[in-house]
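# Coordinate analysis (summary)
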Amino acid sequence: MPTTEPLAPVMPPGVAAVLAEHARFLKGRGAAAPPWLQELRARAVDRFTALGYPTVRQEEWRFTSVAPIAETAFRLAESGPTNARELVERVAIPGAVRIVLLNGRFSPELSRLEPPSGVVVGSLARAVADARPECAHLGQASVDAPFVALNTAFVEDGALVTVRKNALVEPPIHVIFVNGDAEALMIHPRALIALGANSQASLAQTFVGGAGRAHFTNSVTEVALGENAVLDYVHDQRETDEAFHMASLHVAADRSATFRARTVTLGGRLVRNDFMAVLGGEGAHCTLDGCYLVDGARLVDNHTTIDHAVPNCTSHELYKGILDGRAKAVFNGRIIVREDAQKTDAKQTNRALLLSDEATINSNPQLEIFADDVKCTHGAAIGQLDEEALFYLRARGLTEKDARDMLIHAYAGEILEGIPIEALRGQLERELFVQLDRDLADHR
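Figured I'd write up the structure that's included with this text. (Residues numbered from 1 in each chain as written. Predicted model: local features only at pLDDT ≥ 70, side-chain atom pairs only at ≥ 80, totals over all residues. Heavy atoms only, no water.)

### With respect to the pairing of strand 14 (residues 270-279)
The buried fraction of strand 14 amounts to seven of the ten residues, a majority that puts the element mostly inside the structure. Note that strand 14 and strand 16 (residues 299-308) share ten bridges and pair parallel. When the sheet's bridge partners are listed, Val271 is paired in strand 16 with Val300. (Buried < 20%, exposed > 50% of the residue type's maximum accessible area, 1.4 Å probe, protein only. Helix = DSSP H or I, 4+ residues; strand = E, 2+ residues; numbered from the N terminus. Pairing = 2+ DSSP bridges.)

What follows is the structure, given as structure tokens:
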């Protein structure tokens, strides 16, 4: 009897488009790359081909469907958004060292590279071409995560920030990602941040979107902190409400290093923040705090992992969400305490404020503890505005609108107050409260 070959699995349109774009990329602007980078890309595209886009059948993605991404044939961006300068001026921080990436590629014209002594900032592509030693950290993020694999397959340019040992950097460093335009574009921005021993800096990443069709931003940031280094980090996402945004942050902290992060998510139709910190040196500390506002039919998914790999490390998490309309949110907070990581002290809190009866959140704290001398706690609270507090404020002469505004502003302000860059904090407060006012108007 004649034998028949098994049918090849049908490849989703998005995956087929990605592979076609990758082949075009390698023949074009991606052709000029050192052998080690070509090998890194090859491993990554093979891994993405094997993994494909995640589905809701996978535990880590069961509440977040990326089908709208997988079913869209995105094109690789070739140039920057037409209104890039306007967007940069809108979010720029006065006095900051500024790195601007237009659809993932360094823009010297819009950047402001006047770093103080001990700081090197600029194009990741230039750093690769110059064989800078910091590039050894590139590719530390695991390509077993499909979106990291996808980003790494296209790695070409991005932002490089290096702070030498013993440097105390006064001005903030601001990396601005301007993404999207008229086409359905995919953008894979990369950032590599390395702080030497005993150094200290503040750094913000701001994502904004150009007008036009829905675009797909898939960013990866790798942070390496030397012994006693301190980094205050802000992840600020203000892309359009039609954008797809996948963000991966990977932090490696050495002995007594401190990483303090504030994440503010205001834009995006479908947003996933995958943040992972490995505390690999005794005495290391990590703070992951986040605030998000999601309305309409949008979705925000925050997945965090803090890996206590050695003894005497501490971590703190506080995530607060505000949901309106038919919005959905996911919080999955994972704390790992390795077998030898005694004297670990970890605290995790997740809160959500629902302004609508149709808004939903799925909260899943995960504690994986393999040591016995530890202090680990987690808590979650989901509810609506406190009616007694509203009544109390109205009894003292406030209107219903003013009373609601005051309570919501106080709720979100707990996260925003922790942003160390004053100008950026003011921007985010204004934008969050403008969006809140718009949402609250629908209830009046």
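### Let's talk about the sheet that holds strand 15 (residues 285-294)
Strand pairing in a sheet takes place through backbone hydrogen bonds and is either antiparallel or parallel in direction. Spatial ordering of the open sheet is given by 3-2-6-9-11-13-15-17-19-21, a layout of ten strands whose pairing is mixed. Here the strands that pair on one side only, and so sit at the sheet edges, are strand 3 (105-106) and strand 21 (375-383). Where strand 2 (residues 97-102) lies against strand 6 (residues 173-179), six bridges are found, and the strand directions are parallel. Across the sheet, residue Val97 finds its bridge partner in strand 6, namely Ile173. The strands touched by helix 8 (residues 400-416) are strand 13 (258-265), strand 15, strand 17 (314-323) and strand 19 (345-354); relative to strand 17, the strand with the most contacts, the crossing angle is about 145°. (Contact = heavy atoms within 4.5 Å. Axes fitted to C-alpha atoms, helices over the stretch in contact; angles between N-to-C directions.)

### What about the pattern of salt bridges?
Between side chains of opposite charge, a pair can form as their charged atoms come close. Per the stated rule, a full pass over the model turns up 27 salt bridges. Residue Asp232 pairs with Arg260 through a salt bridge whose shortest N-O separation is 2.7 Å. Residue Asp232 is found in strand 11 (residues 230-238), and its partner Arg260 is found in strand 13; the two are separated by 28 residues along the sequence. Put simply, Glu368 and Arg334 hold a salt bridge, and the shortest N to O gap is 2.8 Å. Here the residue Glu368 occupies a position in strand 20 (residues 360-369), and Arg334 occupies one in strand 18 (residues 328-337), the gap between them amounting to 34 residues. Residue Glu368 is classed as partly exposed on the basis of its relative accessible area of 25%. (Salt bridge = Lys/Arg side-chain N within 4 Å of Asp/Glu carboxyl O.)

### Some thoughts on the side chain of His215
Mapping His215 onto the fold places it in the loop between strand 9 (200-209) and strand 10 (216-225). Ignoring sequence-local partners within four residues, the contact set of His215 consists of Phe74, Asn179, Gly180, Leu185, Ile187, Gly209, Glu239, Thr240, Ala243 and Phe244.

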